[in-house]
Amino acid sequence: MSSAEIRQEANAWRKVVPWRILIAAAVVVALAAAVVSIKDMLLVVFLGIFGALVFEIPLRWFIRKTGLGRGLSATILVLGTAVAVTVLALVLLVPMVGALRDFLKALPDLVAQLRDSGELAWLGDSGAAENVQQGSANLANTIPDAIDALLGLAGSAFSVGLTIFTLIFLTLFLLIDMDRLRGALRSVLMPDDAERWLDVWERVTETVSRWAIGAATIAVIAGTVQGGTAALLGSSYALALGIIAGLLDLIPNLGATIAGFILVPTILAEEGLTDAVIMLVVILVYQQLENNILSPTIYGKAVNISAFFVILGVTLFGALLGVLGALVAVPVTASLQIVVQEVTKARRATVAAARARLEPPPGDAPGPASAS
């Protein structure tokens, strides 16, 4: 190919793909690579912002009660919470982790007892039962490694501690500067827009904070009720079952049901059919109390989203961030709903006005034709 043909082909290619598009594509690829390379730190930043929103409402209450400044109040609240959680972890972590480990290591025996029980003897030769028992055995064999990784015994304790330290102070400094950030937002927006978006900020803050406090409270209640019931029924794994029930209750809509599929078979294997039925009744009654009394009272309208969007949020954020994503799916989805509602507010008002013009008033509706 001659040089003239090469230049002609290059010119034709430049006409088809302008250089601006190539540069834009290169920038997008570079940004994507940068995001992937710092994804762990971005997650820490996200958690720091989330934590600041969680502490904002309690911080305002603390300032009103004590009369202290925002900086000192935020320091007392955040560092005090960190110290309290650390003390509780030192006191409770070993028995809690030990209880979970013992329960998970006993899973193969529990499944075998279920297969051999008179009520479920018909499952003894099924492939499903064998698969469940084999899966529980595999899980039990991996528990020591999983616990070691959780406690940082494999050499990651320093990195975990550094991440927690960074998260605490990122939350603290953002909480201290929250009023300045609001002022900065107000300074770059027109007065009407500033009030509008500061109101959105306030609603998002209330949603996240109220959800976090409510979720922790309800999880403790769920774990106490169901773990206490297991203890009264004589289960050897009552503490582990209570922890499982409380943790799973943090996952909206699905967690309580999943907990039931764990607690009831465990009680059935340990104590028999009668106690398993009692456990099932307690779980069902508690779910109704939680859904109809506890959640509406504690959450209020802060997380007023449909069950479909809750499940959708849990699925999507769970795929992106794992268990952590499933836990924060509700407040993040509710916050996105608030933003979308505000962005579409003018459009919805225009549509409502247009429909009002087209639809006749109720008094003008034509009645039945009279006979002549």
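Residues numbered from 1 in each chain as written. Predicted model: local features only at pLDDT ≥ 70, side-chain atom pairs only at ≥ 80, totals over all residues. Heavy atoms only, no water.

Quick word on the overall build of the protein
- Looking only at helices and strands, one finds 15 helices and 0 strands in the protein.
- Within the span of the protein, comprising 372 residues, buried residues form 31% of the whole.
- Counted over contacts in the protein with a minimum sequence separation of 6, partners at least 24 positions apart contribute 70%.
- For the protein, the exposed area adds up to about 22800 Å²; of that, 70% sits on carbon and sulfur atoms. (Helix = DSSP H or I, 4+ residues; strand = E, 2+ residues; numbered from the N terminus. Buried < 20%, exposed > 50% of the residue type's maximum accessible area, 1.4 Å probe, protein only. Contact = heavy atoms within 4.5 Å. Areas by Shrake-Rupley, 256 points an atom, 1.4 Å probe, with all protein chains shown as cover.)

Looking at the pattern of salt bridges
- Here the structure, examined in full by the defined rule, presents 11 salt bridges.
- Here Arg70 makes a salt bridge to Asp179, at a shortest N to O gap of 3.8 Å. With Arg70 in helix 4 (residues 70-105) and Asp179 in helix 8 (residues 178-187), this pair connects stretches of sequence that are 109 residues apart.
- Looking at Asp179, the relative accessible area reads 43%, which means it is partly exposed.
- We note a salt bridge from Arg196 to Glu342, for which the minimum N-O separation is 2.7 Å. A residue pair is termed long-range when its members are at least 10 positions apart, and Arg196 in helix 9 (residues 191-232) and Glu342 in helix 14 (residues 323-343) qualify at 146 residues.
- Residue Arg196 is classed as partly exposed on the basis of its relative accessible area of 30%.
- A single salt-bridge network, built from bridges that share partners, covers Glu56, Arg60, Arg70, Asp179, Arg182 and Glu202. (Salt bridge = Lys/Arg side-chain N within 4 Å of Asp/Glu carboxyl O.)

Observations regarding the side chain of Ser335
- Within the secondary structure, Ser335 is located in helix 14.
- For Ser335, a relative accessible area of 12% translates into the label buried.
- Apart from the residues lying within four places of it in its own chain, the contact partners of Ser335 are Val204 and Val208.

Some details on the side chain of Gln226
- Counting through the fold element by element, Gln226 comes out in helix 9.
- Sequence-distant contacts of Gln226, defined by excluding residues within four places in its chain, comprise Ala245, Ala259, Leu263, Met279, Ile283 and Tyr286.

A short note on the nonpolar core
- Membership of the largest hydrophobic core comes to 50 residues, with the highest contact counts inside it found for Leu175, Leu241, Leu263 and Met279.
- The contact partners of Met279, leaving out residues within four places of it in the chain, are Gln226, Thr229, Ala230, Leu233, Leu263, Val264 and Ile267. (Core = buried A, V, L, I, M, F, W, Y, C linked by side-chain atoms within 4.5 Å.)

With respect to the packing of helix 8 against helix 9
- Relative orientation of the contacting elements helix 8 and helix 9 amounts to 150°, with a least axis distance of 9 Å. Between helix 8 and helix 9, the angle is such that the two are roughly antiparallel. Like other packed secondary-structure pairs, helix 8 and helix 9 cross with a definite hand, here right-handed. For the pair helix 8 and helix 9, the contacting residues are Met178, Leu181, Arg182, Leu185 and Arg186 in the first and Ala194, Glu195, Leu198, Trp201 and Glu202 in the second. (Axes fitted to C-alpha atoms, helices over the stretch in contact; angles between N-to-C directions. Parallel < 35°, antiparallel > 145°, perpendicular 65-115°, else oblique. Left-handed = near helix turned anticlockwise from the far one by under 90°.)

Quick word on helix 13 (residues 307-321)
- The first and last C-alpha atoms of helix 13 sit 20 Å apart over 15 residues, in line with the 21 Å expected at 1.5 Å per residue.
- Where helix 13 is concerned, the buried positions are Val310, Gly313, Val314 and Phe317. The arc enclosing the buried residues of helix 13, seen along the axis, measures out at 100°, which places them on a common side. Of the residues in helix 13, the exposed ones pointing more than 90 degrees away from the buried face are Phe308, Thr315 and Ala319.
- Buried residues in helix 13 make contact with helix 14.
- Gly322 lies just past helix 13 and shows a positive phi near 75°. (Expected span 1.5 Å × (residues − 1). Arc of directions from axis to C-beta.)

Brief notes about the packing of aromatic side chains
- What the rule picks out here adds up to 4 aromatic pairs.
- Ring centres of Phe50 and Trp211 lie 6.2 Å apart, and the angle between their planes is 70°; this geometry places the pair in the edge-to-face category. With Phe50 in helix 3 (residues 39-66) and Trp211 in helix 9, the pair connects residues that are 161 residues apart, well separated along the chain. Across the pair, Trp211 and Phe50 agree in class, each one buried. (Phe/Tyr/Trp six-rings, centres within 6.5 Å; stacked < 30°, edge-to-face > 60°.)

As for a nonpolar patch on the surface
- On the surface, Val83, Val87, Leu88, Leu90, Val91, Leu92, Met96 and Leu239 cluster together into a nonpolar patch covering about 740 Å² of accessible area.
- Checked against the element boundaries, Leu92 lands in helix 4. (Patch = residues over 30% accessible without salt bridge, like charges linked within 9 Å, V, L, I, M, F, W, Y side chains within 5 Å.)

Considerations on the packing of helix 9 against helix 10 (residues 238-249)
- Here helix 9 crosses helix 10 at 150°, and the two axes come no closer than 7 Å. When the axes of helix 9 and helix 10 are compared, the pair comes out roughly antiparallel. In the crossing of helix 9 with helix 10, the sense of the turn from one axis to the other is right-handed. On helix 10, the residues that touch Ile218, Ala219, Ala222, Gly223, Gln226, Gly227, Ala230 and Ala231 of helix 9 are Ala238, Leu241, Gly242, Ala245, Gly246 and Asp249.
- When its residues are assigned to classes, the contact of helix 9 with helix 10 shows 8 nonpolar, 5 polar and 1 charged. (Nonpolar A, V, L, I, M, F, W, Y, C, P; charged D, E, K, R; others polar.)

Examining the confidence of the model for the protein
- Taken over all residues, the pLDDT of the protein has a mean of 75, while the share at 70 or more is 71%.
- Across residues 142-155, confidence stays below pLDDT 50; counting only partners more than four residues off in sequence or on other chains, it has 12 contacts. (pLDDT = per-residue confidence, 0-100.)

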